[in-house]
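Breakdown of the fold
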Amino acid sequence: MSEVNVYRDLGRSFSEWFDYVLEVSEVYDYGRYPAKGMGVWLPYGFKIRENALSILRGLLNSTGHEEILLPLLIPENIIKKESEHIRGFEDQVYWVTHGGLEPLDIKLALRPTSETSLTYLESFWIKSYKQLPKKYYQVVSIFRYETKATRAMIRVREVSTFKEAHTVHEDFNDCERQVLEAIDVYSKFFNSLGIPYIISKRPEWDKFAGAIYTIAFDTLLPDGRALQIGTVHNLGQNFTKVFEVRIQKRDGSIDYAWQTSYGISERVLASMFAVHGDRRGLVLPFHIAPIQIVIIPLITAETYDDVLKYSSKVREVLISKGYRVYEDLRDELRPGEKFYYWEFRGVPLRVEVGMKEVEGNYVTVFRRDTLERIKVELKELLNKVEEIGLDYNNTLSSRAWQVFKSKTMRFTDISKAKEFLNNSKGIVELPWCGKHECGLKLLEVLECDALGTPLDSEAKGLSCAVCGANANTFMRLTRKY
């Protein structure tokens, strides 16, 4: 899928397409609420959000995570206790300074993230290795005073779908095991949505404030710019030392606990809309769509009763297997208008029922992903829908991965990498010695951003693209949102 052949057909850039589709499909209302950087999830979009979160909750719950709900407000003395952490957020924090007309004794921060507030509580809750590992998560709003140009779902001031997980461990090794588990959970989640991604260890200058290191997931949107869709942090003992989270270890000694944290946001859903969408609108994965199958009766005055009776029968057959089905009986719209309406909203399958279908005891099934029409006998409908549903999701995923891989290239020459970023856009990898000054020089010369280094790739026999010394890894570079 290229920006040219998908979006500019409509005379729109990707950015214009994205805003237009969110609004017209009634997924997300952005820009009309009188507080900048805050959007509204509309019923159709909220159901998409709910279906996606149910998958994520299932993955977390099945790996021993427990859902909690922490207060929104964090006292200033708590959030400022970990100095490196607050330095990373101090220019983005919203502060509550008054209760009514009364100035507060201690300012309260609107949660930018919850490492400080939860670690404070863990100092009371956790005392022994026997309680560990402990894995908490919550799905909440967080607030950050974003000063760059805000974008619907991508760069907002209220992140309204923030899933943050926080875990506690006895030692470093178990912390490392948890990082791998988090990576696996997120990989399965993104795979389930058909979103392609690359996993990188962020450079030291771009890690999460207060972490030992950060692992990040990034995808590419159709305009060739990268979007971070998930992060995993090994926090070490940085927060537990500040908040005195001491535990008794197996050998009877007392030490500070170890922690990880990891989070995603509605950027995941923005990515899903973007990478699968086309010039007709949204294309939703089969299991995520609020309506999986829409039935459109093709009625005339003469065939009204026969077609509606058959249409109702088709609906009952599909509902019997638990499919989310809607029968569009609106009189004010012609069939073609209904086709456009539901295609734009990304409904995976359309079942057309007219007099030909009634007489032949079949239905015509339209696939939103491939735009194919298929004749299916009514007695075979359930088997065929199950088959199509699996193939549908595989088609979306493979198509998205094919585009993603075509825009991820490895080079040894800086000038060729720059040419690729300028013309083809996407992600480039260049051999890197690991020195900060060489990494920062790459950003300067290529006028781009760093994603970091692969988790398991060595640059054997290659020289650093900047200084010529032996390279020990690759630096991934792109232009980010």
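Below you will find a few notes about this structure. (Residues numbered from 1 in each chain as written. Predicted model: local features only at pLDDT ≥ 70, side-chain atom pairs only at ≥ 80, totals over all residues. Heavy atoms only, no water.)

Of regular secondary structure, the protein possesses 15 helices and 23 strands. Here the C-alpha atoms of the protein give a radius of gyration of 26 Å, agreeing with the 23 Å that 2.2 N^0.38 yields for 481 residues. For the protein, the C-alpha atoms occupy an extent of roughly 80 × 55 × 50 Å along the three principal directions. Considering the protein as a whole, with its 481 residues, one finds that 55% of them fall into the buried category. Nonlocal contacts in the protein, meaning residues at least 24 apart in sequence, comprise 68% of its contacts between residues at least 6 apart. When the accessible surface of the protein is split by element, carbon and sulfur atoms take 50% of a total near 21400 Å². (Helix = DSSP H or I, 4+ residues; strand = E, 2+ residues; numbered from the N terminus. Rg over C-alpha atoms; globule rule 2.2 N^0.38 Å. Buried < 20%, exposed > 50% of the residue type's maximum accessible area, 1.4 Å probe, protein only. Contact = heavy atoms within 4.5 Å. Areas by Shrake-Rupley, 256 points an atom, 1.4 Å probe, with all protein chains shown as cover.)

The mixed open sheet is built from 5 strands, whose spatial order is S16-S15-S17-S18-S19. Of all the strands in the sheet, just strand S16 (325-327) and strand S19 (373-377) have a single pairing partner and so form its edges. Pairwise comparison of adjacent strand axes, ignoring direction, gives a mean angle of 25° for this sheet. Packed onto the sheet, helix H10 (residues 304-319) meets strand S15 (293-297), S16, strand S17 (349-353) and strand S18 (362-367) and runs at close to 170° relative to S15. The strands that helix H13 (residues 381-406) touches are S15, S17, S18 and S19; relative to S18, the one it contacts most, it runs at about 5°. (Pairing = 2+ DSSP bridges. Axes fitted to C-alpha atoms, helices over the stretch in contact; angles between N-to-C directions.)

Our next topic: the pairing of strand S22 (residues 449-454). For S22, the buried fraction is high: 5 of the 6 residues fall into the buried class. Examined bridge by bridge, strand S9 (residues 198-201) and S22 share 2 bridges and lie antiparallel to one another. Bridging from a neighbouring strand, Ser-200 pairs with Pro-454 of S22. Looking at chain direction, S22 and strand S23 (residues 473-478) are connected through 3 bridges and run antiparallel. Bridged to Asp-449 within S23 is Thr-478.

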